[in-house]
Amino acid sequence: MEFRTVEPSYTSKDGCRLVWQGIDEDDIDVVILNKDELDRFVEILKQNKTGEVELEDQTSFIRINSDVTQFSLTNHRLLEANTSDIQEQVLEFAKVPHEPQYVYVGTKEFYPSVWIRDDTKQQEGIPKKTNQSLIQAILSSEPEKIRQDLSPTDLFRVFATRRSTRKFSKTKVEDWKIDKILSAADVAPTAGNFQGFQVFLIKNKDAKEALVEAANKQPYVNAPVVLVFCTDPSRVNLKFPPDILEKFSLQDATIAAAFSLLAASGVGLSTIWIGMFDEEKVKKILGTDLRPSSILCIGYPDKKKPPKSRRKLKELIKVIE
């Protein structure tokens, strides 16, 4: 689906209809915003900011990021639009004059506060933005600037709707989503902030197939995106016995994998956490002596499923008074 246009509401002089068009002429999706929702959406866009707009049902929302704007609707597939495109059309529809700001944005940011529209216009002293992704930056060892003014996300919605999947569609996962997943691992809390872990992004087809064999022949390990998290206790520069450093490193790698899992869910993807595998075989596939702690398989689900019911909190939590 590709975002096409903004149209007036059929039933009211206020609000609007946002229209997506698929490949077929009859393949159309529409999001209807009432006056208050549109006003909040316009307010964020006209200020070149990022953020979220909660819709009337209180479970659907619009998430405005610097590159992509997401429409997460209850019982509906995720809709996306290029932020620059939807910003231009929505502000024109609302008759709001707009002059984009030109400031640097690093690719490691989840929700930068402002963004670049035209590389030919720059403020003095601000570095020119490149189209390099975080993955390319990692491979070329070029550091990326990290900003601190990140907008909050609705984590409780992510928690409530997350669901493991064992069958992925063949749809390619966008690089910007992989960037955000890797960024989540990078900002995960670690012992002493030493980041005692290593993440392997598996892009090689043969390596993925070998990981299937190493992981007890679980076929879904051959997913569109495969991350292997390994412990690296040598990075934990704390004065403790080796077994404690190993424990810290295992915790670091586990927390990083959990952050990546939640980030994947937050951008509309599904995951499956793999803990059963032959460690020595995985080491050989990766070409490393680091101990693998988990494999995280990521992609678009072949079929989206609702979350499973869980046990009651009173059965889960024991209070010590």
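The structure under discussion appears in the preceding block.
Described in the following lines is the structure provided in the data block. Quick caveat: nothing in here was measured; it's all calculated off a predicted structure. (Residues numbered from 1 in each chain as written. Predicted model: local features only at pLDDT ≥ 70, side-chain atom pairs only at ≥ 80, totals over all residues. Heavy atoms only, no water.)

## Describing a nonpolar patch on the surface
Note the threshold: Each patch is built from salt-bridge-free residues with over 30% relative accessible area, joining like charges within 9 Å and nonpolar side chains (Val, Leu, Ile, Met, Phe, Trp, Tyr) within 5 Å. All accessible-area figures derive from a Shrake-Rupley calculation using a 1.4 Å probe, and residue coverage is judged against the displayed protein chains alone. Only one rule defines a salt bridge in this text: a Lys or Arg side-chain nitrogen within 4 Å of an Asp or Glu carboxyl oxygen. Counting from the N terminus, the helices are the DSSP runs of H or I reaching at least four residues and the strands are the DSSP runs of E reaching at least two. The classification of residues rests on relative accessible area computed with a 1.4 Å probe and restricted to protein chains. Under 20% of the type maximum is buried, over 50% is exposed, and intermediate values are partly exposed.
A cluster of nonpolar side chains, namely L313, L316, I317 and V319, defines an oily patch on the protein surface of about 410 Å² accessible area. With respect to the helices and strands, L313 occurs in helix α9 (residues 313-316). We classify L313 as exposed; its relative accessible area is 58%.

## Here we look at the side chain of N48
Going by this rule: Pairs of N or O atoms within 3.5 Å make up the polar contacts considered here, provided that, within protein, one atom can donate a hydrogen while the other can accept it, and that residues adjacent in sequence are counted only when both atoms are side-chain atoms.
With respect to the secondary-structure elements, N48 resides in the loop between α1 (35-46) and β4 (51-54). Classification of N48 as buried rests on a relative accessible area of 2%. One polar contact links N48 to Q87, side chain to side chain, over a distance of 2.9 Å.

## Things to note about the pairing of strand β11 (residues 292-299)
Inclusion rule: Pairing between two strands is assigned when DSSP locates at least 2 bridges connecting them.
Counting buried positions along β11 gives eight out of eight residues, so the element sits mostly inside the fold. As paired strands, strand β9 (residues 225-231) and β11 are joined by six bridges and run antiparallel to one another. Bridge pairing in β11 links V226 to C297. Relative to β11, strand β10 (residues 270-274) is paired through five bridges, and the arrangement is antiparallel. Residue pairing in the sheet places I272 in a bridge with C297 of β11.

## Looking at the packing of helix α6 (residues 205-214) against helix α8 (residues 279-286)
The packing of two helices is summarised by the inter-axis angle and the distance between the axes. Let me state the cut-off plainly: Note on geometry: axes are C-alpha line fits, over the in-contact stretch for helices, and angles between N-to-C directions span 0 to 180 degrees. If an angle is under 35 degrees, it is roughly parallel; if it is over 145, roughly antiparallel; if it lies from 65 to 115, roughly perpendicular; otherwise it is oblique. Pairs of residues are marked as contacts when any of their non-hydrogen atoms sit within 4.5 Å. When residues are grouped by polarity, Ala, Val, Leu, Ile, Met, Phe, Trp, Tyr, Cys and Pro land in nonpolar, Asp, Glu, Lys and Arg in charged, and all others, Gly among them, in polar.
Following both chains from N to C, one finds α6 and α8 inclined at 170°, their axes separated by 9 Å at the closest point. By the criterion of interaxial angle, the relationship of α6 to α8 is roughly antiparallel. Packed against α6, whose contacting residues are A207, A210, L211 and A214, the element α8 presents K281, V282 and I285 at the interface. Tallied by class, the residues present in the contact of α6 with α8 amount to six nonpolar, no polar and one charged.

## What to know about the environment of P97
Relative to the helices and strands, P97 is located in the loop between α2 (83-93) and α3 (134-140). Look at P97 and you get exposed, because its relative accessible area is 74%. Taking C-alpha positions, P97 is 8.1 Å from K46, a pair spaced 51 residues apart along the chain.

## Overview of the packing of aromatic side chains
Formally: Each Phe, Tyr or Trp ring, with Trp reduced to its six-membered ring, pairs with another whose centre is within 6.5 Å; inter-plane angles below 30 degrees give stacked pairs, above 60 give edge-to-face pairs, and intermediate values give tilted ones.
All told, the structure shown has four aromatic pairs when counted by the stated rule. Taken together, a centroid distance of 5.3 Å and an interplanar angle of 65° make the contact between F3 and W20 edge-to-face. Within this pair, whereas F3 is found in strand β1 (residues 2-8), its partner W20 is found in strand β2 (residues 16-21), the two being separated by 17 residues in sequence. We classify W20 as buried; its relative accessible area is 0%. Seen in terms of ring centroids, F240 and F248 are 5.7 Å apart; in terms of plane orientation they differ by 90°. Their pairing is edge-to-face. By way of ring pairs, the aromatic residues F3, W20, F41 and F71 are connected into one cluster.

## So, the nonpolar core
Under the convention used in this document: We define the nonpolar core as a collection of buried residues of types Ala, Val, Leu, Ile, Met, Phe, Trp, Tyr and Cys that are connected through side-chain atoms lying within 4.5 Å of one another.
Counting residues in each nonpolar core, the largest one holds 24 residues, and the members touching the most others are I181, L227, F229, L269 and I298. Of all the elements in the fold, those that place two or more residues in this core are α5 (175-186), β9, α7 (242-266) and β11. Dropping the residues within four chain positions of it, L269 is found in contact with V173, K177, I181, A264, I298, G299 and Y300. Among the nonpolar cores identified, the runner-up in size contains 23 residues, and L18, L38, V53 and I62 belong to it.

## Some details on a negative patch on the surface
Here is the rule: When charges are counted, neither His nor the chain ends are considered; positive counts come from Lys and Arg and negative counts from Asp and Glu. Charged side chains are reduced to one point each, which is NZ for Lys, CZ for Arg, CG for Asp and CD for Glu.
The grouping of D36, E54, E56 and D57 at the surface amounts to a negative patch. For E56, the location among the structural elements is in the loop between β4 and β5 (61-64). Its relative accessible area of 66% is what places E56 among the exposed residues.

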